[in-house]
Every structure is written in C-alpha cells, then in structure tokens.
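Read off the chains here:
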Amino acid sequence: MLWRVDGSSRTPLRDQICASVRRGLCDGDLPPGEALPTARELARVLQVDPNTVLAAYRSLRDEGLLEFRRGRGVRVAAGGVARAEVTTAARALAEIGRTHGYSKAELIHLIEGLT
Amino acid sequence: MSRPPNERTAYSCTVANRTLAGFGVVAGAVLVAVFAFTPAHPVASLVGGVVVAVAVWEFSTIRLTAGPGGVTVRYGLFGFPRYHYPSDQIASARAEDLSFAQLGGLGMHWSPWRGTRLTVRPGPTLQLVLTSGGTVAISAADPKAAAAVLHRS
C-alpha cells in the first residue's frame, strides 16, 4: 500500500499517516491480520519522526483499527476494515454537515432518524 | 495530476509463499517423525525437524518498505534477518518479472553473477542497482509502485 505525507499541509503528519492506513483498509490493501511496517521502519523511509508514526498507530489502535501484538508488531485488527469504512463515511458526513452549517446535534438527530 | 512539492510517498507490502511455508512444516514433521523411529539420534532428529520447519517458515514471508529514506526488507514472523538500503546508496530501481531460473533459487543469497536475492517466490520483483554496482532483487507485490516511490526520492 502507499503512504503519503505532505510536509506543507496543515493536517498534522500523524493524521496524514492515519489517513493512509484508513485508505489502505478501505481499498483492500490491508486485510485483517496484515502486518504494518514498524514505526521506526516507516519513519525512516518516510523521513518523519518515529514518534509521529507511533502516535498514528496508537490513535488507530484506540479506534479499533489496529492491534499491537507483543513480538508480532502492529497488525490490522479483525473488523478493522469495516470499522475504517464506517469511520471514513462518518468523517465525510461530519465534513459535509459542517460545510452546510449543520450542528453536531442536528447530525446526530439525522443519524438517529435513519437507524 | 500534479503532486504537492513537499509530498513524500512510501510503499509497503508483505509477500508470502504459503506453499513454501507448508513444505517447511511438512519437512519438519517428517524429521520429527523420524525421531520416533531412530532411537539412536532422537534429539538430533527432533531439533533438526524443528529447525527446518521454523527456518523455512521464517524465510517464506518477506516485508518490504520503500520510500525517500531508502528500502527496508524484513523476513518472517520475527522480522529477522533485516536489510536496509539507504536512498543515497540506490542508483536506480525498476520492476521486473523474474522466473525461478533467473532468480537462481529462493530465499536470501548472493552470487557474483546475480547479485543479492531477497526473494520468497518467482514473479514480480523489485530490482535495485546500488551505487556500488551491486544489484538486489526483492520479491514485491507491486514492484512498479515500489520503484515509483524510489524514483521520486
């Protein structure tokens, strides 16, 4: 899978790395159980700070997309693909809602009416 | 589509040869089974069987990461052995499709006429030419994508 970071973007590098993983999950490049590069390794080839990659991995783990396995590194969590698709769609909804002036409460109300 | 000037792109993949891994398990199991019928060398057979199974399993999976900082290759579950080629040591990179004969075998080996081979199967391969003149062939799921990120280094 491809990882993209833009040093001149306003989006923090950590979030850009997270976005690369989410895109990989949604595109099928990262099946469940797939191992990701180590933080140090990815940082070296992307020329970013290893702590930035580690922060991205931890954030994705907290979202339930990745899991840390002692001795086996960072891997895609079971169900991570589906979760990535849902969170990606939710982010898009939040962005569109914000663009059109919807409040958080209005978006939540909208989703409740659909589910 | 033009890319931002400060964008950096990296590529990562895992390539596994399940057939090779299965062969290793079977070969190891055969050696362990021999232990049951050769009381003269029980320990050697048991140890040999386990070593064969683990070694073949370990060398049946390769993980590649490539980007502006260079190329890193790791084998198996334990990520060892590990190789890193800094970008300033890489003169060029290209995608090739190499047969078993062209590879001269699988695994990790070097020869003066074929260079370094870090492979788990024939087929799509990332070929590096180093500034030293040496070459490195690495199994890759999408060697074109890997070569592309190196050309943009």
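Each value, and the rule that gives it
Residues numbered from 1 in each chain as written. Chains lettered and ligands numbered in written order. Predicted model: local features only at pLDDT ≥ 70, side-chain atom pairs only at ≥ 80, totals over all residues. Heavy atoms only, no water. Pairing = 2+ DSSP bridges. Helix = DSSP H or I, 4+ residues; strand = E, 2+ residues; numbered from the N terminus. Axes fitted to C-alpha atoms, helices over the stretch in contact; angles between N-to-C directions. Phe/Tyr/Trp six-rings, centres within 6.5 Å; stacked < 30°, edge-to-face > 60°. Expected span 1.5 Å × (residues − 1). Buried < 20%, exposed > 50% of the residue type's maximum accessible area, 1.4 Å probe, protein only. Arc of directions from axis to C-beta. Contact = heavy atoms within 4.5 Å. Polar contact = N/O pair within 3.5 Å; in protein donor to acceptor, adjacent residues only side chain to side chain. Salt bridge = Lys/Arg side-chain N within 4 Å of Asp/Glu carboxyl O. Buried area = accessible area lost by both parts, 1.4 Å probe. Nonpolar A, V, L, I, M, F, W, Y, C, P; charged D, E, K, R; others polar. pLDDT = per-residue confidence, 0-100. Disulfide = S-S within 2.5 Å.

A.B. asks: Break down the sheet that holds strand β6 (residues 107-111) of chain B for me, citing the residues and quoting the values.
C.D. replies: All names here are of chain B. With mixed pairing, the 5 strands of this open sheet are ordered in space as β5-β8-β9-β7-β6. Looking along the sheet, the strands with just one partner apiece sit at the ends: β5 (90-98) and β6. The sheet shows a mean angle of 15° between the axes of neighbouring strands, taken without regard to direction. With 3 bridges connecting them, strand β7 (residues 115-119) and strand β9 (residues 135-139) associate as parallel partners. By the bridge assignment, Thr 116 is partnered in β9 with Val 136.

A.B. asks: Describe the packing of aromatic side chains, with residues and values.
C.D. replies: All names here are of chain B. Enumeration over the complete set of coordinates arrives at 1 aromatic pair over all chains. Seen from their ring centres, Phe 59 and Tyr 75 are 4.9 Å apart, and the 55° between their planes marks the pair as tilted. Note that Phe 59 is positioned in the loop between α2 (42-58) and β2 (61-67) and Tyr 75 in strand β3 (residues 70-75), a separation of 16 residues in sequence.

A.B. asks: Describe in detail helix α3 (residues 50-62) of chain A, supporting the description with residues and values.
C.D. replies: Residues and elements named next belong to chain A. Taking 1.5 Å per residue as the helical rise, α3 with its 13 residues ought to reach 18 Å, and the 18 Å between its terminal C-alpha atoms agrees with that figure. Along α3, the positions that sit buried rather than exposed are Thr 52, Val 53, Ala 56, Tyr 57, Ser 59 and Leu 60. The arc enclosing the buried residues of α3, seen along the axis, measures out at 160°, which places them on a common side. Residues of α3 that are exposed and point more than 90 degrees away from the buried face comprise Asn 51 and Asp 62. The inward-facing, buried residues of α3 abut β1 (2-6), α1 (13-27), α2 (39-46), β2 (66-69) and β3 (73-76). Of the residues that open α3, the one with a side-chain oxygen 2.7 Å from the backbone nitrogen of Asn 51 is Asp 49. Gly 64 lies just past α3 and shows a positive phi near 90°.

A.B. asks: Please set out the pattern of salt bridges residue by residue, giving values where relevant.
C.D. replies: Between side chains of opposite charge, pairing is possible as soon as their charged atoms come close. Residues and elements named next belong to chain A. As enumerated under the stated definition, the model contains 9 salt bridges over all chains in all. Between Glu 63 and Arg 22 there is a salt bridge; the shortest N-O distance is 2.5 Å. Taken together, the residues span a long stretch of sequence, with Glu 63 in the loop between α3 and β2 and Arg 22 in helix α1 at a distance of 41 residues. Arg 22 sits in the buried class, given a relative accessible area of 9%. Within this structure, Arg 22, Glu 63 and Arg 91 form a network of salt bridges that share partners.

A.B. asks: Could you give an account of unusual backbone geometry, naming the residues involved and the relevant values?
C.D. replies: A positive phi is found at Gln 47 of chain A, a non-glycine position, where the angle reads about 60°. Tracing the backbone shows Gln 47 of chain A in the loop between α2 and α3.

A.B. asks: Can you lay out the pairing of β2 of chain A for me, pointing to particular residues and giving the numbers?
C.D. replies: Residues and elements named next belong to chain A. Inspection of the sheet shows β2 paired to β3 by 4 bridges, in the antiparallel sense. Each bridged residue has a counterpart across the sheet, and for Phe 68 the counterpart in β3 is Val 74. The hairpin turn running from β2 into β3, its antiparallel successor, is 3 residues long, and Gly 71 in that turn takes a positive phi close to 85°.

A.B. asks: Describe the interface of chain B and chain A, with residues and values.
C.D. replies: Contacts between the two partners involve 23 residues from chain B, matched on the other side by 23 residues from chain A. Taken together, the two surfaces of chain B and chain A that pack against each other cover about 2000 Å², and 45% of this comes from carbon and sulfur. The tally of links between chain B and chain A comes to 2 salt bridges. Applying the counting criterion to the chain B and chain A interface returns 13 residue pairs in polar contact (both at pLDDT 80 or more). Elements supplying a minimum of two residues to the side of chain B that touches chain A: β1 (7-16), β2, β3 and β4 (82-86) of chain B. A breakdown of the residues in the side of chain B that touches chain A according to their chemical character gives 7 nonpolar, 10 polar and 6 charged. Here β1 of chain A runs beside β1 of chain B; their pairing, made up of 5 bridges, is antiparallel. In the strand pairing of β1 of chain B, Asp 6 of chain A is matched with Glu 7 of chain B.

A.B. asks: Any chance you could break down the confidence of the model for chain A for me, citing the residues and the numbers?
C.D. replies: When pLDDT is averaged along chain A, the result is 90, and 100% of the positions lie at 70 or above. Across chain A, the element-wise mean pLDDT spans from 83 in helix α4 (residues 80-99) of chain A up to 96 in α3 of chain A.

A.B. asks: Can you explain the state of the cysteines? Please cite residues and give values.
C.D. replies: All names here are of chain A. Within the structure shown, the criterion is met by 0 disulfides over all chains. Free cysteine: Cys 18, not disulfide-bonded; nearest cysteine sulfur from Cys 26 at 13 Å. Relative accessible area serves as the criterion here: at 2%, Cys 18 is assigned to the buried category.

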